[in-house]
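# Structural overview for review
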Amino acid sequence: MNYKLFQAINQNAGHHHFLDGLMVFVTKDALLIYALVLLLMWFIGKEKYKYTVVFAAITGGLGLIINFILGHIYYEPRPFVTHQVNLLIQHAKDSGFPSDHSTGAFSLALAVLWRKHRKIGFGMLLFGILTGISRVYVGHHYPFDVLASVIVALITSRFVYAFSSVFRPIARIIISTYNRIPLVPKTEQQSVSK
């Protein structure tokens, strides 16, 4: 079933120029786009947005740590190692279970959603779904690798949200340290005041 689902998605790769380009872009740059969204939330949003960014970073980090452990417990060859696939991007022949890209995408999206930023979080979640599909489309993962990533992301994001009081002091230290950084150097501040 896993391979059949993989084939149903991957068989389209290499046949549609626009779709290939979109999926390659998403699979390569999804986490960069998530980073840009979080940076915008940090610099443009109010203080509660900064807390969300810190909690999202913690969630993503925990998700990737769990992936690292799972990848060492259970090795699953990537589709292109064991099958003839339409491989759009070369990749190392390491374990494909679970998908780090998908875990990162879903962890960050769910962390933002749990913090009640519904529009941003829902947009990130939709992009996370596209990221998961792209990982299968380009030939790097089986659908169950992505499904495992969703489960890891759900667990870690819910854990960080449930224990936010434990992580809040870390967020407070990071935010208060950032708030103490002068935005304008002192020499410029003095010349402006004159």
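Just so it is clear, the model here is predicted, and its values are computed rather than measured.

## What to know about the overall build of the chain
Counting its regular elements, the chain contains nine helices and zero strands. Along the three orthogonal principal directions, the C-alpha set of the chain runs to about 70 × 35 × 30 Å. Taking all 194 residues of the chain together, the buried fraction comes to 41%. For the chain, contacts bridging at least 24 residues in sequence account for 79% of all contacts bridging at least 6. Element-wise, carbon and sulfur atoms account for 69% of the exposed surface of the chain, whose accessible area totals about 11100 Å². Of the side chains in the chain, 18 bear a positive and 8 a negative charge, and the two mean positions are spaced by 14 Å.

## Here we look at helix H8 (residues 164–180)
Along its 17 residues, H8 runs 23 Å from first to last C-alpha, staying within 8% of the 24 Å computed at 1.5 Å per residue. Its buried side turned inward, H8 meets helix H2 (17–44), helix H3 (47–73) and helix H7 (143–162).

## Some words on empty space enclosed by the protein
Scanning the model with the defined rule gives one cavity of 30 Å³ or more in all. Size it by volume and the largest cavity reaches roughly 40 Å³. Along the walls of the largest cavity sit Phe55, Thr59, Ala111, Trp114, Arg115, Ser157, Val160 and Tyr161, which together make up its complete lining. Of all the secondary structure elements, the ones that give two or more residues to the lining of the largest cavity are H3, helix H5 (100–114) and H7.

## Considerations on the nonpolar core
If you look at the biggest cluster of nonpolar residues, it comprises 28 residues, and the most contacted ones within it are Tyr34, Leu38, Val54, Leu108, Met124 and Leu125. Secondary structure elements with two or more residues in this core: H2, H3, H5, helix H6 (118–137), H7 and H8. Among the nonpolar cores identified, the runner-up in size contains six residues, and Phe6, Val85, Val136 and Tyr142 belong to it.

## Considering the layout of surface pockets
If you add up the space inside the largest pocket, you get close to 220 Å³. Forming the boundary of the largest pocket are 15 residues, of which Arg78, Asp94, Ser95, Pro98 and Asp100 lie nearest the centre. Those elements giving two or more residues to the lining of the largest pocket turn out to be H3 and H5. Top element by residues in the lining of the largest pocket is H3. It accounts for five residues. Here the lining of the largest pocket is built from residues that sort into four nonpolar, seven polar and four charged.

## A few points about the side chain of His141
Following the sequence through the fold, His141 ends up in the loop between H6 and H7. Note on His141: relative accessible area 1%, which makes it buried. Engagement of the side chain of His141 in a polar contact is seen with the side chain of Ser99, the distance being 3.5 Å. Beyond its immediate stretch of four places on either side in the chain, His141 contacts Phe6, Arg78, Pro79, Gly96, Pro98, Ser99, Arg135, Val136 and Val146.

## A few points about the confidence of the model for the chain
Of the residues in the chain, 94% reach a pLDDT of 70 or more, and the chain-wide mean stands at 92. Under a pLDDT of 50 for its full length, residues 186–194 has, in the predicted model, one contact with residues more than four places off or in other chains.

## Focus on the packing of aromatic side chains
For the structure on display, the rule yields ten aromatic pairs. An angle of 65° between the planes, with centres 5.6 Å apart, marks the rings of Phe6 and Tyr142 as edge-to-face. Here the residue Phe6 occupies a position in helix H1 (residues 2–10), and Tyr142 occupies one in the loop between H6 and H7, the gap between them amounting to 136 residues. Given the relative accessible area of 7%, Tyr142 is considered buried. Here Phe159 and Phe163 contribute two aromatic rings whose centre-to-centre distance is 4.9 Å and whose plane-to-plane angle is 45°, an arrangement assigned as tilted. A relative accessible area of 38% means that Phe159 is categorised as partly exposed. What makes Phe163 partly exposed here is its relative accessible area of 42%.

Definitions and cut-offs
- Residues numbered from 1 in each chain as written.
- Predicted model: local features only at pLDDT ≥ 70, side-chain atom pairs only at ≥ 80, totals over all residues.
- Heavy atoms only, no water.
- Helix = DSSP H or I, 4+ residues; strand = E, 2+ residues; numbered from the N terminus.
- Buried < 20%, exposed > 50% of the residue type's maximum accessible area, 1.4 Å probe, protein only.
- Contact = heavy atoms within 4.5 Å.
- Areas by Shrake-Rupley, 256 points an atom, 1.4 Å probe, with all protein chains shown as cover.
- Lys, Arg positive; Asp, Glu negative; His and termini not counted.
- Charge placed at Lys NZ, Arg CZ, Asp CG, Glu CD.
- Expected span 1.5 Å × (residues − 1).
- 1 Å grid on protein atoms, 1.4 Å probe; cavity = no way out; pocket = protein on both sides within 12 Å on 5 of 7 lines; lining within 4 Å.
- Points joined across faces, edges and corners; volume = space filled by probe spheres on them.
- Core = buried A, V, L, I, M, F, W, Y, C linked by side-chain atoms within 4.5 Å.
- Nonpolar A, V, L, I, M, F, W, Y, C, P; charged D, E, K, R; others polar.
- Polar contact = N/O pair within 3.5 Å; in protein donor to acceptor, adjacent residues only side chain to side chain.
- pLDDT = per-residue confidence, 0-100.
- Phe/Tyr/Trp six-rings, centres within 6.5 Å; stacked < 30°, edge-to-face > 60°.

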